[in-house]
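# Examination of the molecular architecture
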Amino acid sequence: MKKTILFLMLVLFLLFSSCSFDPDNIIPPKLNSKVKPIYDQLSELAAINIKWLADHDGWIQVVSIPSPEGIIKFTYQERWTHFTEDSKTCLEEMWIIRRTKNDEDGQLIILTSNGYKGDVIKLRQTVYFNDSTEGLNKKPVKCLISDRSMPLNDLNAILKNMQFIQEANYREDIYNGVEVIIIEIHYRGDDTDQLGTPQNAIGKKETLYYDKSTGNRIRLDLAIEYPNEVWSGSTFVDYEFFYFENLPESIQKKFDNSNEELMYYLDL
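Here's what I pulled together on the structure shown here. (Residues numbered from 1 in each chain as written. Predicted model: local features only at pLDDT ≥ 70, side-chain atom pairs only at ≥ 80, totals over all residues. Heavy atoms only, no water.)

## Thoughts on the packing of aromatic side chains
One pass over the structure, following the stated rule, counts 5 aromatic pairs. Note on Trp59 and Phe255: the rings are 5.4 Å apart at their centroids and 80 degrees apart in plane angle, and the pair reads as edge-to-face. On the criterion of sequence distance, the pair formed by Trp59 in strand E1 (residues 58-66) and Phe255 in helix H6 (residues 249-266) is long-range, its members being 196 residues apart. Residue Trp59 shares its accessibility class with Phe255, and that shared class is buried. Plain terms: the ring middles of Trp80 and Phe244 are 5.3 Å apart, the flat faces sit at 45 degrees to each other, and that makes the pair tilted. Residue Trp80 is found in strand E2 (residues 76-83), and its partner Phe244 is found in strand E10 (residues 230-244); the two are separated by 164 residues along the sequence. Over the ring of Trp95 we find Arg79; its NZ or CZ atom is 3.9 Å from the centre of that ring. One cation-aromatic arrangement involves Lys204 over Tyr187; the distance from NZ or CZ to the ring centre is 5.4 Å. (Phe/Tyr/Trp six-rings, centres within 6.5 Å; stacked < 30°, edge-to-face > 60°. Helix = DSSP H or I, 4+ residues; strand = E, 2+ residues; numbered from the N terminus. Buried < 20%, exposed > 50% of the residue type's maximum accessible area, 1.4 Å probe, protein only. Lys NZ or Arg CZ within 6 Å of the ring centre and 35° of its normal.)

## Some thoughts on the environment of Asn49
Tracing the sequence through the fold places Asn49 in helix H2 (residues 36-54). The exposure class of Asn49 is buried, given its relative accessible area of 1%. When the C-alpha atoms of Asn49 and Pro151 are compared, they prove to be 7.6 Å apart, with 102 residues separating the residues in sequence. With residues up to four places along the chain from it excluded, the contact list for Asn49 reads Arg148, Ser149, Met150, Pro151, Thr214, Gly215 and Asn216. A distance of 3.0 Å separates polar atoms of two side chains, one belonging to Asn49 and the other to Ser149. A polar atom in the side chain of Asn49 sits 2.9 Å from the backbone oxygen of Thr214. (Contact = heavy atoms within 4.5 Å. Polar contact = N/O pair within 3.5 Å; in protein donor to acceptor, adjacent residues only side chain to side chain.)

## Considerations on the pattern of salt bridges
This model, assessed by the stated rule, comprises 15 salt bridges. One salt bridge in this structure joins Glu93 and Arg148, with 2.7 Å as the shortest N-O distance. Here Glu93, found in strand E3 (residues 90-98), pairs with Arg148, found in the loop between helix H3 (120-130) and helix H4 (150-160); they are 55 residues apart in sequence, far enough to count as distant. A relative accessible area of 3% places Glu93 in the buried class. In the salt-bridge network here, residues are joined through shared partners; they are Glu78, Arg98, Asp105 and Lys254. (Salt bridge = Lys/Arg side-chain N within 4 Å of Asp/Glu carboxyl O.)

## Section: the packing of H2 against H4
How two helices pack is summed up by the angle between their axes together with the distance between the axes. Closest axis-to-axis distance for the H2/H4 pair is 7 Å, and the angle between their directions is 150 degrees. Classed by the angle they form, the pair H2 and H4 counts as roughly antiparallel. Crossing of H2 over H4 shows left-handed handedness. Between H2 and H4, the contacting residues are Ile38, Tyr39, Leu42, Ser43, Leu45, Ala46, Asn49 and Ile50 on the first element and Met150, Pro151, Leu152, Asp154, Leu155, Ile158 and Leu159 on the second. Looking at the contact of H2 with H4 residue by residue, the classes come out as 12 nonpolar, 2 polar and 1 charged. (Axes fitted to C-alpha atoms, helices over the stretch in contact; angles between N-to-C directions. Parallel < 35°, antiparallel > 145°, perpendicular 65-115°, else oblique. Left-handed = near helix turned anticlockwise from the far one by under 90°. Nonpolar A, V, L, I, M, F, W, Y, C, P; charged D, E, K, R; others polar.)

## Points about the side chain of Thr207
Following the sequence through the fold, Thr207 ends up in strand E8 (residues 203-211). Excluding residues within four positions of it along the chain, Thr207 makes contact with Ile182, Ile183, Glu184, Arg219, Leu220 and Asp221.

## Brief notes about the state of the cysteines
Inspection of the entire model under this criterion finds 1 disulfide. With a sulfur-sulfur separation of 2.4 Å, Cys90 is cross-linked through a disulfide to Cys143. Between Cys90 and Cys143, the S-S dihedral sits near -55 degrees, and the bridge is therefore left-handed. Of this pair, Cys90 sits in strand E3 while Cys143 sits in the loop between H3 and H4, and the two are 53 residues apart along the sequence. Both residues of the pair, Cys90 and Cys143, count as buried. (Disulfide = S-S within 2.5 Å.)

Following this line, the structure appears as structure tokens:
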């Protein structure tokens, strides 16, 4: 556990600092009293989650199922990530994004086993049909397991927007038969681009549900705040997680074809 915590501290530092660093002199971020308990909870959940991901040898499918209601419309997503047990990196990945479950693929992002990444739908529209190299990246990239940890990503977002936090709290509960930690954060500010709120909004409230045993985020509730204490546009996303030793046949075929298409564009 000590090794996991030390690794997490290093990951957090790299996420929150763009400067060079001395590994023997890591300075934790400055926290206000509202954020400190949330920071502690998410740090613990992130350590649990990174270990859970690293303990798998095969494919983890994460399905994001959005509410059809609300001013902000989340997308339906499937992310298939190939992990090896005890590794700190992902091997390969396919990320499918649609407006709704039954729509055509809007984005299909492939990460190959040798580190090449691209959205084959975007490349098809630009490179193939329009003879443009826009969006074509021929440099290999790394996929760290920490990149796929939802509580760690959420912690990064909270620290980035710490100055907008009006209130933050957490509690333990049961959700759909699962022991969860529920974190609620109220943001308020006029930087709508950074907060991801509509132009006429003054804030938002996020309620995040985490499975205590895996650290996975299993639900996100979002409400938008308007002037005069008006709350509207509530929406949500549910998340489901599945493990496969090998990809299902239809997904394997889609993954192989998309890999082949991405390599075709990279070889142009």
